[in-house]
Amino acid sequence: MAEQGLLVLFGSQTGTAQDTAERVGREAQRRHLRCRVQALDSCDLGNLIHEPLVVFVCATTGQGDPPDNMKMFWRFLFRKSLPASSLCQLDYAVLGLGDSSYPKFNFIAKKLHKRLLQLGGNPLLPVALGDDQHDLGPDAVVDPWLVALWEKILALYPIPPGLEIISLDVRLPPKYTLHYLPEDSPHPESAMLQPAAPRAAPCELQPFAARVVSNQRVTAQSHFQDVRLIEFDIAGSGITFSAGDVVMIQPQNCPEDVQQFCQLLRLEPHRRFMLEPTDPGTSLPPLLPQPCTIQYLVTHYLDISCVPRRSFFELLASFSTNELEREKLQEFSSAQGQEELYSYCNRPRRTTLEVLWDFPHSTCAIPADYLLDLIPRIRPRAFSIASSLLAHPERMQILVAVVRYKTRLNKPRRGLCSTWLASLNPEQGDIRVPLWVKKGGMKFPADPATPVIMIGPGTGVAPFRAAIQERVALGHRGNCLFFGCRHQSKDFYCQAEWEELVTKGFLTLFTAFSRDQEEKVYVQHRIRENGKLVWELLSSENAHIYLAG
């Protein structure tokens, strides 16, 4: 065991399960246990049969689906050919993170626990079901479960004699060390900022830098919401997609935020550094060039606009030299302080950068080595593709509502990715956006005789624009679209395009403009009014129905 240690595997969609898995890793370190923390899909599944002790931390997404970074593992685990005793030497524990307002609450964790049992695994504890809906969030379940887990693990693998649990007052070493390079060393700057031409199909670890061709506002200037139709040139990328597919976009922080962050932490943006893992078994973060500048790290990697988690406050407290600030940070990272943390951070959607402003003494004491432990990486954002390659070869379009809303904080909240995309002006030169494509959950019928009823209010119409363009190019006529927005004159996206297709007989269109008359009218009212037609299409023509919000 001393050799192999503990393996913590996570399946995470938004980062919560990963954050919790890393917490288990830190607690293992304090107990002198060797520990590896990995995404389920990046672990060698063949070796699972040799692991003595594994903790699984997994979220449930959508309608009871596994997160993207455990899909391959999920398929492997449910192979019929796996013998019933495959995992008979495995001690394991499963921690689920879910939301009880969804019908398939923690479905993945429950199913995983059951499957590991079937394969002969030995559960150390019953499956834990963390719930976002609890007043204290998932930690209400996670905290006591971890106490019980360490009791079980330490009974099996006691701490070596002469050692004791490392106290919480002692800060653990960082995951990486930053080695600054001398100011005068040569630097191939261009290689760092321009991704190499991809050889394989673009993916998260090797996105394609697509040129922005156009960025057009499709709502009236007087309308409260800014919505953009953005077109990318994907020639030479090897990217193919069909209606219903999704494009993943890797956003970046805005220059003002990057500058503020560097000032607060007293970092020199143009300093170059190499990263070195503290533990030789840790791999370097993908997508970060070596050597790298502070500016690149903060712009492209550190998510300084995300709402920080409890673990952030715990680590920040350990740097704090100011007693008042340290007490507040410790309170926010304690189990008792979770309600207060929620009202300080989560409810008003306060960003990491804003929290650092509120704790200036602690912030300027953050060692650069800990930046990657303190702040998670920027996650890619998903958008429905709103065009078809059959109508626009070598091009891809997306429909983006720019996220902007008010909380009790003075400054409006802004979506990182949509705000960045809206700011890109292709007339100012060669503007590139890192992207790749993922298969979507919508499949449109191959049989041209099958009619399609699409219900897409607002930007939910995006995947249906792709589907209609594709179907029209193939000569499929049975296209029925219910579209809804506030005002015909302000946010009726792609109006001219729809009207032309109606004239040509390719599209039946029903619109609901909710604010254009006294009483509000929505797509469901139009569906009810046209119930006879909808039922006719379903009952006698076997129509498929699609809905996107």
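Reading the values: rules and limits
- All residue numbers refer to position in the chain's written sequence, counted from 1.
- Local features in this predicted model are restricted to residues whose pLDDT is 70 or higher, and side-chain atom pairs enter the listing and the counts only when it is 80 or higher, whereas totals over whole chains, interfaces and linings include all residues.
- Calculation of side-chain values draws on the structure's entire complement of heavy atoms; hydrogens and water are dropped beforehand.
- We define a salt bridge as a contact between a side-chain nitrogen of Lys or Arg and a carboxyl oxygen of Asp or Glu at a distance within 4 Å.
- Secondary structure follows DSSP: runs of H or I at least 4 residues long count as helices, runs of E at least 2 residues long count as strands, and numbering of each begins at the N terminus.
- Here, strands pair whenever DSSP counts at least two bridges between them.
- Where helices are involved, their axes are fitted lines through C-alpha atoms of the stretch in contact, as for all axes, and angles between N-to-C directions lie from 0 to 180°.
- The criterion used for residue contact is that any of the two residues' heavy atoms lie within 4.5 Å.
- Along the chain, pLDDT gives the predictor's confidence residue by residue, from 0 to 100.
- Where each domain starts and ends comes from a domain assignment, either automatic or drawn from a database.
- Buried area is a sum: the accessible area each of two parts loses on coming together, probed at 1.4 Å, counted once for each and added.
- In protein, a polar contact means a hydrogen-donor-capable atom and an acceptor-capable atom, both N or O and within 3.5 Å, with residues adjacent in sequence counting only if both atoms are side-chain atoms; elsewhere, any N or O pair within 3.5 Å suffices.
- In these notes the angle categories are as follows: under 35 degrees is roughly parallel, over 145 is roughly antiparallel, 65 to 115 is roughly perpendicular, and the rest is oblique.
- Handedness of a crossing is defined here by the sense of rotation of the near helix relative to the far one, left-handed for an anticlockwise turn of less than a right angle and right-handed for a clockwise turn.
- Here, the term disulfide refers to a pair of cysteine sulfur atoms separated by no more than 2.5 Å.
- Like-charged residues within 9 Å of one another, or nonpolar side chains (Val, Leu, Ile, Met, Phe, Trp, Tyr) within 5 Å, are grouped into patches, provided each residue has over 30% relative accessible area and no salt bridge.
- Here the Shrake-Rupley method, with its probe set to 1.4 Å, supplies the accessible areas, and only the displayed protein chains count as covering residues.
- Lys and Arg are tallied as positive, Asp and Glu as negative. Neither His nor the chain termini are counted.
- Where a charge lies is defined by one atom per residue type, namely NZ (Lys), CZ (Arg), CG (Asp) and CD (Glu).
- Only protein chains enter the accessibility calculation, which uses a 1.4 Å probe; a residue is then buried when its area is under 20% of its type maximum, exposed when over 50%, and partly exposed in between.
- UniProt positions are given in the numbering used here, feature names are shortened, and annotations may be inferred rather than shown by experiment.
- We define the nonpolar core as a collection of buried residues of types Ala, Val, Leu, Ile, Met, Phe, Trp, Tyr and Cys that are connected through side-chain atoms lying within 4.5 Å of one another.

Peer 1: Kindly report on the pattern of salt bridges, identifying the contributing residues and their values.
Peer 2: According to the stated counting rule, one finds 25 salt bridges in the structure shown. With a closest N to O distance of 3.1 Å, R465 and E497 form a salt bridge. On the criterion of sequence distance, the pair formed by R465 in helix α15 (residues 462-473) and E497 in helix α16 (residues 495-503) is long-range, its members being 32 residues apart. Overlapping salt bridges bring together R23, E27, D139, D143 and R310 as one network.

Peer 1: So, the sheet that holds strand β19 (residues 479-485): which residues are in play, and what are the values?
Peer 2: The 4 strands lie next to each other as β20-β19-β18-β21, forming an open sheet whose pairing is parallel. Every interior strand has two partners, whereas the edge strands, β20 (507-513) and β21 (544-547), have only one. In this sheet, neighbouring strand axes are inclined to one another by 15° on average, regardless of whether the strands run parallel or antiparallel. Across 4 bridges, strand β18 (residues 452-455) lies against β19 in parallel orientation. Looking across to β19, one finds that I455 is bridged to F482. Sheet strands touched by α15: β18, β19, β20 and β21. Its angle to β18, the strand with the most contacts, is close to 155°. Of the strands in this sheet, β19 and β20 are in contact with α16, which crosses β20 at around 140°.

Peer 1: A description of the confidence of the model for the chain should follow, citing residues and the corresponding values.
Peer 2: If pLDDT is low for a region, its predicted coordinates should not be looked at in detail. Taken as a whole, the chain shows an average pLDDT of 94; of its residues, 97% reach a score of 70 or greater. Segment residues 190-196: pLDDT under 50, and 9 contacts once partners within four positions in sequence are set aside and those in other chains are kept.

Peer 1: Could you give an account of the sheet that holds strand β11 (residues 272-277), naming the residues involved and the relevant values?
Peer 2: With respect to topology, 3 strands assemble into an open sheet ordered β7-β11-β12, the strand pairing being antiparallel. The sheet terminates laterally at β7 (176-180) and β12 (292-293), the two strands that pair on one side only. Examined bridge by bridge, β7 and β11 share 5 bridges and lie antiparallel to one another. If you follow L178 over to β11, its bridge partner there is L275.

Peer 1: Got a sec to walk through the domain arrangement of the chain? Specific residues and values, please.
Peer 2: Often the size quoted for an interface is simply the accessible area lost on bringing the parts together. Under the domain assignment, the chain is made up of domain 1 (6-156), domain 2 (208-250 + 380-438), domain 3 (255-374) and domain 4 (452-547). Taking the mean C-alpha position of each, domain 2 and domain 4 sit 23 Å from one another. In this assembly, 21 residues from domain 2 lie in contact with 16 residues from domain 4. Here domain 2 meets domain 4 over a buried area of about 1600 Å², counting both sides, of which 65% is carbon and sulfur. Where domain 2 touches domain 4, the interface holds 6 residue pairs in polar contact (both at pLDDT 80 or more).

Peer 1: Outline the packing of helix α1 (residues 16-30) against helix α4 (residues 139-156), supporting the account with residue identities and numerical values.
Peer 2: With their axes 12 Å apart at the nearest point, α1 and α4 run at an angle of 30° to one another. Taken together, α1 and α4 sit at an angle that is classed as roughly parallel. Classified by chirality, the crossing of α4 by α1 is right-handed. For the pair formed by α1 and α4, the contact residues are T20, R23, V24, E27 and A28 on the first element and D139, V142, D143, L146 and W150 on the second.

Peer 1: Kindly report on the state of the cysteines, identifying the contributing residues and their values.
Peer 2: Taken as a whole, this structure holds 0 disulfides when the rule is applied. With no disulfide of its own, C480 lies closest to C485 among cysteine sulfurs, the gap being 17 Å.

Peer 1: Got a sec to walk through a positive patch on the surface? Specific residues and values, please.
Peer 2: Taken together, the side chains of R404, K406, K411 and R414 present a region of like positive charge at the surface. For R414, the location among the structural elements is in strand β16 (residues 413-414). Given a relative accessible area of 48%, R414 falls into the partly exposed group.

Peer 1: Account for the side chain of D99, naming residues and giving values.
Peer 2: Mapping D99 onto the fold places it in the loop between β4 (91-98) and α3 (107-118). The buried charged residue D99 lacks any salt bridge partner; its closest oppositely charged side chain belongs to R349, at an N-O distance of 12 Å. Only 3.0 Å separates the side chain of D99 from the side chain of Q133, close enough to count as a polar contact. Not counting residues within four places of it along the chain, the set of residues in contact with D99 comprises F105, D131, D132 and Q133.

Peer 1: Break down the UniProt feature "domain: FAD-binding FR-type" (unreviewed entry) in the chain for me, citing the residues and quoting the values.
Peer 2: Within the UniProt annotation, "domain: FAD-binding FR-type" (unreviewed entry) is assigned to residues 205-445. Helix makes up 29% of residues 205-445 and strand 21%, with an end-to-end C-alpha separation of 32 Å.

Peer 1: I'd like a rundown of the UniProt feature "domain: Flavodoxin-like" (unreviewed entry) in the chain, residues and numbers included.
Peer 2: The UniProt feature table records "domain: Flavodoxin-like" (unreviewed entry) at residues 6-150. Helix makes up 32% of residues 6-150 and strand 22%. Its end C-alpha atoms lie 12 Å apart.

Peer 1: Break down the environment of Q63 for me, with residues and values.
Peer 2: Relative to the elements of secondary structure, Q63 occurs in the loop between β3 (53-59) and α2 (71-77). Residue classification places Q63 among the exposed residues on the basis of a relative accessible area of 53%. For the pair Q63 and A201, spaced 138 residues apart in sequence, the C-alpha separation works out to 28 Å. Once residues within four sequence positions are removed from consideration, Q63 is found in contact with P103 and K104.

Peer 1: Before we move on, could you go through the nonpolar core and cite the residues and values that matter?
Peer 2: One finds F261, L297, L302, F313 and L372 to be the most contacted residues of the largest nonpolar core, which totals 42 residues. A per-element tally of this core places helix α8 (residues 310-319) first, with 6 residues. Once residues lying within four places of it in the same chain are set aside, the contact partners of L372 are Y176, L178, L275, P285, L288, L297, Y301 and L302.

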